[in-house]
Amino acid sequence: MPSQHAPTIAVADPGEGYAFGDDHSQAAEQHRCLAAYLDPMTTARLAATGVTDGWRCLEVGAGGGSIATWLAERVAPTGEVTATDVNPVHLSERPGLRVLRHNVVHDPMPEGAFDLVHARLVLRHLPERQTALAAMTRALRPGGWLQLDEFDIDYGPVLLAPSRAAGALYERFLAVKARMFVDAGADGGWGRRAATAMRESGLVDIDPVPHLMTWHADSPGVHLLIHLTHHLRDRLVAGGMTDAELAEVRQVMRHPEFRASSCVIYSVQGRRPR
Ligand SMILES: C[S@@+](CC[C@H](N)C(=O)[O-])C[C@H]1O[C@@H](n2cnc3c(N)ncnc32)[C@H](O)[C@@H]1O
């Protein structure tokens, strides 16, 4: 049943410490890649909650806004979606969708206000992820749903490459990228830890679902990785990759024979006790 009160979230200063630094002009392309890669999985899971007309939803770290927009269409005409981000420049308001600059770690959050709270690939980046999770849990009305969609990048082997050296280069690129995120405060294995963290946050009916897929040159996940070789170029070079190696790993991923396992994507749902 939808909650009755329009939630209010404080509008506050931008946050700090996020590895991608969303002022970068590359961020829009990153959000497009993420939507193409992950929206089918995310929306199928969200639909299973029964989200419908009248619900009040909170999309934390909404990025390019594809999920917030999908939710706004589901809850129309009487529901409302609040889309927050520390840097909401890629988000647009529309009827039933409001946009707020908000840091999920530091800024005040209303309590008991939302039927559904969702965040994808946000908490993994935040050293204070448990604090943010507690705030998101408190923001739910009794019986309300939390869904976290998060990577576990500790798994994701190459399965087939044009040569052994090409496969090894791809895996070195993944390792340098993983180290870069850890150095920036991220938890690469957060996806497999999210269910336990949600239970410790007081949620019940926890339901973690892992997703894996085979990647090839045309996979949206590979488009995201190729994009990251540009977006994160300076950090990858600081981590030991050369520009020539980044160009080569792009060729490896574009090769028609290339196959790799995706990382594991966990979609975890839980509910606030009634
Ligand atoms: C990897 S992007 C994911 C975007 C979107 N959730 C998606 O999956 O397409 C992470 C997003 O979280 C936002 N973000 C980072 N730190 C945040 C914080 N402390 N509070 C709110 N949003 C944050 C970033 O600005 C960025 O838009």
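Residues numbered from 1 in each chain as written. Predicted model: local features only at pLDDT ≥ 70, side-chain atom pairs only at ≥ 80, totals over all residues. Heavy atoms only, no water.

Chemist: Would you mind going over the overall build of the protein chain with me for this structure?
Modeler: Broken down by element type, the protein chain carries eight helices and ten strands. Along the longest, intermediate and shortest principal axes, the C-alpha atoms of the protein chain span 60 × 35 × 35 Å. Residues classed as buried in the protein chain amount to 54% of the 274 residues present. Counting contacts in the protein chain only where the partners sit at least 6 residues apart, residues at least 24 apart contribute 79% of the total. Across the protein chain, the 27 positively charged side chains and the 32 negatively charged ones have centroids separated by 3 Å. (Helix = DSSP H or I, 4+ residues; strand = E, 2+ residues; numbered from the N terminus. Buried < 20%, exposed > 50% of the residue type's maximum accessible area, 1.4 Å probe, protein only. Contact = heavy atoms within 4.5 Å. Lys, Arg positive; Asp, Glu negative; His and termini not counted. Charge placed at Lys NZ, Arg CZ, Asp CG, Glu CD.)

Chemist: Looking at this model, I keep getting lost on the site of the ligand. Mind explaining?
Modeler: Gly61, Asp85, Asn103, Val104 and Arg120 are the nearest of the 18 residues found near the ligand. Contact distances for the ligand include 2.5 Å between an oxygen atom and a side-chain N or O atom of Asp85. Between Val86 and the ligand, the recorded distance is 3.5 Å, taken from a backbone N or O atom to a nitrogen atom. In the complex, the protein chains occlude 97% of the 590 Å² of accessible area that the ligand would expose alone. Per-element accounting of the shell around the ligand gives the leading share, three residues, to helix α1 (residues 27–47). Partitioned by chemical class, the residues of the shell around the ligand number eight nonpolar, seven polar and three charged. (Near = heavy atom within 4 Å. Polar contact = N/O pair within 3.5 Å; in protein donor to acceptor, adjacent residues only side chain to side chain. Areas by Shrake-Rupley, 256 points an atom, 1.4 Å probe, with all protein chains shown as cover. Nonpolar A, V, L, I, M, F, W, Y, C, P; charged D, E, K, R; others polar.)

Chemist: Got a minute to help me understand the nonpolar core in this structure?
Modeler: Note that soluble globular proteins tend to have their nonpolar side chains buried in a common cluster. Of all hydrophobic cores here, the largest spans 36 residues; its most connected members are Tyr37, Phe151, Tyr170, Phe173, Leu225 and Met253. Of all the elements, helix α4 (residues 164–183) adds the most residues to this core, at eight residues. Composition of this core by domain shows at least three residues from each of domain 1 (27–151 + 187–212 + 264–271) and domain 2 (158–182 + 213–260). For Tyr37, the residues in contact, after removing those within four places along its chain, are Phe151, Met213, Trp215, Pro220, Gly221, Leu224, Ser262, Cys263 and Ile265. Within the second largest apolar cluster, 29 residues are counted, among which are Leu140, Leu203, Tyr266 and Val268. (Core = buried A, V, L, I, M, F, W, Y, C linked by side-chain atoms within 4.5 Å. Domains from an automatic or database assignment.)

Chemist: Sorry, what's going on with the UniProt feature "domain: Methyltransferase type" (unreviewed entry) in the protein chain here?
Modeler: Per the UniProt record, the feature "domain: Methyltransferase type" (unreviewed entry) sits at residues 58–146. A helix fraction of 22% and a strand fraction of 31% characterise residues 58–146, whose end C-alpha atoms lie 10 Å from each other. (UniProt positions renumbered as here; feature names shortened; annotations may be inferred.)

Chemist: Quick question: what am I supposed to make of the side chain of Arg129 here?
Modeler: With respect to the helices and strands, Arg129 occurs in helix α3 (residues 129–138). Although Arg129 lies buried, it forms no salt bridge, and the closest oppositely charged side chain, Asp187, sits 4.3 Å away as judged by the N-O distance. Here the side chain of Arg129 touches Gly185 through a polar contact of 3.1 Å, landing on its backbone oxygen. Aside from chain neighbours lying at most four places away, what touches Arg129 is Leu123, Arg124, Gly185, Ala186, Asp187 and Trp190. (Salt bridge = Lys/Arg side-chain N within 4 Å of Asp/Glu carboxyl O.)

Chemist: Can you help me understand the domain arrangement of the protein chain in this one?
Modeler: One frequent convention defines the size of an interface as the accessible area lost when the parts assemble. Under the domain assignment used here, the protein chain contains domain 1 (27–151 + 187–212 + 264–271) and domain 2 (158–182 + 213–260). Each of domain 1 and domain 2 has a C-alpha centre, and these two points are 28 Å apart. Every contact between the two is made by ten residues of domain 1 and, on the other side, nine residues of domain 2. In total, about 930 Å² of surface goes out of reach between domain 1 and domain 2, with carbon and sulfur atoms giving 76% of it. In terms of surface lost to domain 2, no three residues of domain 1 exceed Gln30, Cys33 and Tyr37, which account for 50% of the buried area on that side. Summed over the shared surface of domain 1 and domain 2, the result is zero salt bridges. At the junction of domain 1 with domain 2, the criterion picks out one residue pair in polar contact (both at pLDDT 80 or more). Considering each element in turn, the side of domain 1 that touches domain 2 owes the most residues, seven residues, to α1. Of the residues in the side of domain 1 that touches domain 2, the class split is seven nonpolar, two polar and one charged. (Buried area = accessible area lost by both parts, 1.4 Å probe.)

Chemist: Explain the pattern of salt bridges here, please?
Modeler: It is possible for side chains of opposite charge to pair when their charged atoms get near one another. This structure, assessed with the given rule, holds 15 salt bridges. Residues Glu80 and Arg98 are paired through a salt bridge, measuring 3.5 Å at the closest nitrogen-oxygen approach. Linking Glu80 in strand β2 (residues 80–85) with Arg98 in strand β3 (residues 97–101), this pair joins segments that are 18 residues apart in sequence. Where Asp152 meets Arg192, a salt bridge forms, and the shortest distance between an N and an O atom there is 2.8 Å. Separated by 40 residues along the polypeptide, Asp152 in strand β5 (residues 140–152) and Arg192 in helix α5 (residues 190–200) bring together distant segments of the chain. Overall, the relative accessible area of 5% leaves Asp152 in the buried class.

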